[in-house]
Amino acid sequence: MKKKLSPKQYEELLNTLKARFEKNMKRHKGLEWSKIQAKLEANPEKLWSLDEMEISGGEPDVVNHDKKTGEYIFYDCSAESPKGRRSICYDYEALEARKEHKPGNSAIEMAADMGIEILTEEQYRELQKLENFDTKTSSWIKTPAEIRKLGGAIFCDRRYDTVFVYHNGAESYYAARGFRGSLRV
């Protein structure tokens, strides 16, 4: 599968990202769109991943700039967990462990297919400092190996103006739980 956008998709995505960037300046104070766009244009494969984030309802936006590497960091900034990534279990192992009523996919495999990383707890908490997310849904987050080895996985949400971290069996899935991703460009 070729991971490249058509000229029309490319233009539409850049326009969408620019409009979102300009509408949400509080998420990226001090950053300039022209520099971000130049970085995106130099990395077309990253645009494909951003388009995958957009198509699945993630509403990706720039949330930080890594001064050491020069990379811009995008997170899914949809108000609720991305609609196109819900009703999935945590990883392939969990998916395979289900005997019946298997979900269509898993968070870890879906993120890998999209070319993005699932948010860690630290990244999720950073995102929640920008504004309130997941007030009605929840999002799987990168689960520490020790927890995963025991069959569990963790997820977060925001309730009562507080970010909560919870656990479930990794094979569980819910209509209101998806995952949020990050991409460095």
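Criteria and cut-off values
- Residues numbered from 1 in each chain as written.
- Predicted model: local features only at pLDDT ≥ 70, side-chain atom pairs only at ≥ 80, totals over all residues.
- Heavy atoms only, no water.
- Buried < 20%, exposed > 50% of the residue type's maximum accessible area, 1.4 Å probe, protein only.
- Helix = DSSP H or I, 4+ residues; strand = E, 2+ residues; numbered from the N terminus.
- Pairing = 2+ DSSP bridges.
- Contact = heavy atoms within 4.5 Å.
- Axes fitted to C-alpha atoms, helices over the stretch in contact; angles between N-to-C directions.
- Phe/Tyr/Trp six-rings, centres within 6.5 Å; stacked < 30°, edge-to-face > 60°.
- Lys NZ or Arg CZ within 6 Å of the ring centre and 35° of its normal.
- Core = buried A, V, L, I, M, F, W, Y, C linked by side-chain atoms within 4.5 Å.

## With respect to the pairing of strand β5 (residues 152-159)
Then, number 1: With seven of its eight residues buried, β5 lies for the most part within the structure.
Then, number 2: With two bridges joining them, strand β4 (residues 138-140) and β5 adopt antiparallel strand pairing. Bridge pairing links S139 to C156 in β5.
Then, number 3: Note that β5 and strand β6 (residues 162-169) share eight bridges and pair antiparallel. Bridge assignment links I154 to a residue of β6, and that residue is H167.

## Considerations on the sheet that holds strand β2 (residues 72-76)
Then, number 1: Pairing is antiparallel in the open sheet, where four strands are placed in the order β1-β2-β8-β3. Each edge of the sheet is formed by a strand with only one pairing partner; in this case those strands are β1 (60-65) and β3 (117-118).
Then, number 2: With five bridges joining them, β1 and β2 adopt antiparallel strand pairing. The residue of β2 that forms the bridge with V62 is F74.
Then, number 3: Helix α2 (residues 33-41) rests against β1 and β2 of the sheet, and its axis sits at about 90° to β2.
Then, number 4: Of the strands in this sheet, β1, β2, β3 and β8 (181-184) touch helix α6 (residues 121-130), which is tilted by about 85° from β2.

## Brief notes about the packing of aromatic side chains
Then, number 1: If you walk through the whole model with that rule in mind, you get five aromatic pairs.
Then, number 2: Between F155 and Y166, the aromatic rings sit 5.2 Å apart at their centres with planes inclined by 20°, giving stacked as the arrangement. Remark: Y166 occurs in strand β6 and F155 occurs in strand β5; sequence separation between them is eleven residues.
Then, number 3: Taking the relative accessible area as the measure of exposure, Y166 reaches 31% and is therefore partly exposed.
Then, number 4: One aromatic cluster is present, formed by Y90, W140, F155, F164 and Y166 through successive ring pairs.
Then, number 5: Above the plane of the ring of W140 lies R177, whose end atom (NZ or CZ) is 4.7 Å from the centre.

## Structural notes on the nonpolar core
Side chains that are nonpolar tend, in soluble globular proteins, to be buried together.
Then, number 1: Membership of the largest hydrophobic core comes to 34 residues, with the highest contact counts inside it found for I36, L40, L50, F74 and F179.
Then, number 2: Among the secondary structure elements, those contributing two or more residues to this core are α1 (7-23), α2, α3 (44-55), β2, α4 (92-97), α5 (107-114) and β5.
Then, number 3: Of all hydrophobic cores here, the second largest spans twelve residues; its members include I73, Y75, L119 and L127.

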